[in-house]
Amino acid sequence: MTQHTQIDHVIVGAGFAGLCAAIKLDEDGERDFVVLEKGEDVGGTWRDNTYPGAACDVPSQLYSFSFAPNREWSRSFSAQPEIQDYLQRVARDSGTLDRFRFDTAMRDATWDDASQRWIVTTDDTTYAARTLISGTGALSEPRLPDIDGIDSFAGEVFHSARWDHDSDLRGKRIAVIGTGASAIQIVPELQRVAGELHVYQRTAPWVIPRHDRTYSGLERFALRRVPGLQQLYRTAIYWGRETYVPVFTRWPRLAAPVEQVAKANIRKGISDPELQRKVTPDFQLGCKRVLISNAYYPALDADNTELVTDPISKVTPTGIVTADGTEREIDVLVVATGFHTTDMPIAEHITGRSGRTLAAVWAEHGQSAYKGTTVSGFPNLFFIVGPNTGLGHSSMVFMIESQVTYIRKALRAMRRNDFAELDVRADAERAWSEEMQRRMEPTVWHTGGCSSWYLDEHGNNTTLWPRTTFAFRGELASFDIDKYDVAAPATTHEPATLAGSSAGGQR
Ligand code: N01
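Computed from a predicted model, the values in this text were never measured in an experiment.

### Points about the site of the ligand
- For the ligand, the set of nearby residues contains 22 residues, the closest of which are Ala55, Thr179, Ser182, Thr203 and Lys288.
- Thr203 places a side-chain nitrogen or oxygen 2.5 Å from an oxygen atom of the ligand.
- Protein coverage of the free-state accessible area of the ligand, which is 910 Å², stands at 85%.
- For the shell around the ligand, the element with the highest residue contribution is helix 4 (residues 181–193), accounting for 3 residues.

Below is the structure:
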């Protein structure tokens with residue numbers, strides 16, 4: 001019989017989400033946990049996305065944990081190495097790294113009713129865990145395009161999130177498929193070194209200027225030394241960003257002046273009127289993520305770059321053929337085609353009380369989770385960055401901290417009341433998801449005339465949060481146990497009772 005390692009919590013993923021969970025659980029005295037991380041380091045998406053030009057499009061001051069402010073940011077929008085350094089530093093300083101297992105993927109997690117635990121397997125260990133906390137996020141599994149012949153390409157090919165740094169790109173003929181947030185950062189860097197650069201655009205994105213700058217020595221000194229200054233700066237940026245919410249969710253037409261700014265950005269960066277026309281979006285700003293760059297349009301306008309808007313019909317061993325029959329020969333193919341966002345891969349590996357995987361459950365109506373965190377029939381499973389928690393306008397770190405607060409309160413309720421199980425009620429989860437979809441109706445993500453990774457195959461937006469981030473924080477500020485079925489440890493054969501309250505159903 002397999003030996004099970006008894007443990008309180010298994011946390012999956014060591015990016016911002018998993019790291020935050022580990023630190024805060026540790027702070028609460030919940031020290032019996034392991035963090036399973038398939039990569040070799042902390043950082044998650046910031047460890048994986050090392051492509052040239054990788055940087056954050058959320059201002060640096062907002063892009064850190066509230067409990068671990070970074071006094072060292074060198075510029076207003078940080079580049080990937082600085083963010084990765086920050087995460088490594090926070091992890092080191094937290095004193096929790098002894099419980100991180102790197103190069104260790106979670107294979108499967110199955111709820112076991114008899115022991116009231118998650119049986120979690122890795123290649124070499126089987127854990128029996130009281131709770132399972134997923135911090136794998138929505139942008140971790142690259143989505144490769146389903147293009148005829150792509151496997152036959154004989155040159156080098158890699159996804160933006162799996163950059164091959166051994167590849168010498170100087171003077172090469174390079175193709176980039178995609179014009180999303182990753183591609184617009186990559187293209188200017190490649191244009192500088194490539195012999196020829198072909199950018200394959202399916203949909204032109206909105207790109208506004210990037211107001212990025214290096215902090216002066218005086219600013220850095222002041223941010224480090226003047227009490228409260230950094231917090232003030234952060235707060236000002238936070239509230240500035242929140243003003244986008246009513247525009248995206250209620251009155252998308254208010255974004256018209258920003259569209260004019262974006263069009264001016266096109267005219268500034270591109271001289272050729274035909275190219276200007278090709279890069280002008282045909283949907284409302286905000287429907288897809290609004291991108292920021294000063295370098296993208298000039299790179300497209302450069303002599304060694306061609307923007308290809310004819311659809312790709314196939315890839316051959318030597319190049320890419322478009323619908324008009326033209327074949328462009330290339331040496332390197334960069335696939336910047338995004339991630340599995342509405343079909344979280346971890347869901348295939350989690351089996352709940354009914355014996356069905358989460359992927360099978362979600363396949364029926366699309367992914368959903370109560371408050372983006374808990375799923376009915378999957379007791380003691382908590383998501384961080386779960387369904388409908390994504391943002392287009394502000395920092396995910398704020399959402400992550402809000403969810404971790406909710407999880408901590410759930411764990412405290414379990415300890416206080418000696419509950420072995422918390423299972424969100426199906427009606428509560430359904431009502432939450434229906435409210436999400438009702439709130440989505442007037443948003444630009446539905447009405448803006450684009451197709452985006454925010455929407456699933458049913459046309460539902462199961463990725464973004466449709467309200468302010470402070471509303472999210474408010475919703476998750478306390479643990480609403482009345483929305484949960486609870487159960488006492490089976491060995492006691494006693495029904496669970498809630499200390500000081502009659503709320504909450506019992507199994
Ligand atoms: O991916 P995307 P990404 N044939 O899905 C195209 C975050 N991020 O990696 O628009 C041809 O946005 C697709 O075309 P279309 C951020 O949240 C943050 O760029 O679907 N083209 C699109 O142009 C972002 O939203 C930062 O018509 C195909 C592109 O590929 C998320 O990551 C930086 C295709 C995919 O764009 C994902 O961004 C970078 C096909 N078969 C990323 N399939 C920060 O700065 C897809 N495309 C924080």
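### A word on the confidence of the model for the chain
- When pLDDT is averaged along the chain, the result is 94; 96% of the residues meet or exceed 70.
- A low-confidence stretch, residues 492–497 (pLDDT under 50), is modelled with 11 contacts involving residues beyond four sequence positions or located in other chains.

### Regarding the state of the cysteines
- Across all of its chains, the model carries 1 disulfide by this definition.
- A sulfur-sulfur distance of 2.0 Å marks the disulfide that ties Cys287 to Cys450. Since a negative S-S torsion denotes a left-handed disulfide, the Cys287-Cys450 link at about -90° is left-handed. Note that Cys287 is positioned in the loop between helix 9 (273–278) and strand 11 (291–292) and Cys450 in the loop between helix 14 (444–447) and helix 15 (469–475), a separation of 163 residues in sequence.
- Take Cys450: its relative accessible area is 16%, and that puts it in the buried class.
- Free of any disulfide, Cys20 has its nearest neighbouring cysteine sulfur in Cys56, separated by 16 Å.
- Cys56 gets classed as buried once you look at its relative accessible area, which sits at 3%.

### Quick notes on the sheet that holds strand 13 (residues 312–315)
- In space, the 3 strands of this open sheet follow the order 13-14-15, with antiparallel pairing throughout. Either end of the sheet is taken by a strand with one partner, and the two such strands are strand 13 and strand 15 (327–329). Between one strand axis and the next, the sheet turns by 25° as a mean value, whatever way the strands run.
- One ladder, built from 3 bridges, connects strand 14 (residues 319–322) with strand 15; its direction is antiparallel. When the sheet's bridge partners are listed, Gly319 is paired in strand 15 with Glu329.

### What to know about the packing of helix 1 (residues 16–27) against helix 3 (residues 80–94)
- Packing of helix 1 against helix 3 leaves a shortest axis separation of 11 Å and a crossing angle of 20°. Between helix 1 and helix 3, the angle falls in the class roughly parallel. Crossing handedness for the pair helix 1 and helix 3: left-handed. The segment helix 1 lies against helix 3, with Phe16, Leu19, Ile23 and Asp26 engaging Ile83, Tyr86, Leu87, Val90, Ala91 and Ser94.
- A class-by-class count of the residues in the contact of helix 1 with helix 3 yields 8 nonpolar, 1 polar and 1 charged.

### Details of the environment of Leu291
- With respect to the helices and strands, Leu291 occurs in strand 11.
- Sequence separation between Leu291 and Glu196 is 95 residues, and the spatial gap between their C-alpha atoms is 24 Å.

### As for the pattern of salt bridges
- A complete count under the given rule lists 37 salt bridges for this structure.
- For Arg210, the salt bridge identified is with Asp212, shortest N-O distance 3.7 Å.
- Residue classification places Arg210 among the buried positions, given a relative accessible area of 14%.
- For Asp212, a relative accessible area of 24% corresponds to the partly exposed category.
- Through salt bridges with shared partners, one network takes in Lys24, Glu27, Asp28, Arg408 and Arg412.

### Regarding helix 1
- The terminal C-alpha atoms of helix 1 lie 16 Å apart, and with 12 residues this matches the ideal 16 Å at 1.5 Å per residue to within 8%.
- The element helix 1 is extensively covered by neighbouring structure, given that 11 of its 12 residues are classed as buried.
- Among the residues of helix 1, those classed as buried are Phe16, Ala17, Gly18, Leu19, Cys20, Ala21, Ala22, Ile23, Lys24, Leu25 and Asp26.
- Downstream of helix 1 by a residue or two, Gly29 has a phi angle that is positive, lying close to 85°.

### Observations concerning the sheet that holds strand 8 (residues 173–177)
- Overall, parallel pairing links the 5 strands, which are arranged 7-16-8-9-12 in an open sheet. Since the sheet does not close on itself, it has two edges, and those belong to strand 7 (156–159) and strand 12 (305–308), each with one partner. The sheet shows a mean angle of 15° between the axes of neighbouring strands, direction not considered.
- Pairing analysis gives 4 bridges linking strand 9 (residues 196–200) to strand 12, with the strands arranged parallel. When the sheet's bridge partners are listed, His198 is paired in strand 12 with Glu306.

### Some thoughts on the domain arrangement of the chain
- Domain boundaries in the chain define domain 1 (5–141 + 340–487) and domain 2 (150–205 + 251–335).
- Each of domain 1 and domain 2 was reduced to a C-alpha centroid, and the two centroids are 32 Å apart.
- Listed per partner, the contact involves 25 residues of domain 1 and 20 residues of domain 2.
- When the two sides are added together, the surface that domain 1 and domain 2 hide from each other amounts to roughly 1800 Å², 50% of it contributed by carbon and sulfur.
- Among the residues of domain 1 in contact with domain 2, Tyr51, Pro52 and Asp57 are the three that bury the most area, contributing 32% of the side total.
- Taken together, the connections running from domain 1 to domain 2 amount to 2 salt bridges.

Definitions and cut-offs
- Residues numbered from 1 in each chain as written.
- Predicted model: local features only at pLDDT ≥ 70, side-chain atom pairs only at ≥ 80, totals over all residues.
- Heavy atoms only, no water.
- Near = heavy atom within 4 Å.
- Polar contact = N/O pair within 3.5 Å; in protein donor to acceptor, adjacent residues only side chain to side chain.
- Areas by Shrake-Rupley, 256 points an atom, 1.4 Å probe, with all protein chains shown as cover.
- Helix = DSSP H or I, 4+ residues; strand = E, 2+ residues; numbered from the N terminus.
- pLDDT = per-residue confidence, 0-100.
- Contact = heavy atoms within 4.5 Å.
- Disulfide = S-S within 2.5 Å.
- Buried < 20%, exposed > 50% of the residue type's maximum accessible area, 1.4 Å probe, protein only.
- Pairing = 2+ DSSP bridges.
- Axes fitted to C-alpha atoms, helices over the stretch in contact; angles between N-to-C directions.
- Parallel < 35°, antiparallel > 145°, perpendicular 65-115°, else oblique.
- Left-handed = near helix turned anticlockwise from the far one by under 90°.
- Nonpolar A, V, L, I, M, F, W, Y, C, P; charged D, E, K, R; others polar.
- Salt bridge = Lys/Arg side-chain N within 4 Å of Asp/Glu carboxyl O.
- Expected span 1.5 Å × (residues − 1).
- Domains from an automatic or database assignment.
- Buried area = accessible area lost by both parts, 1.4 Å probe.

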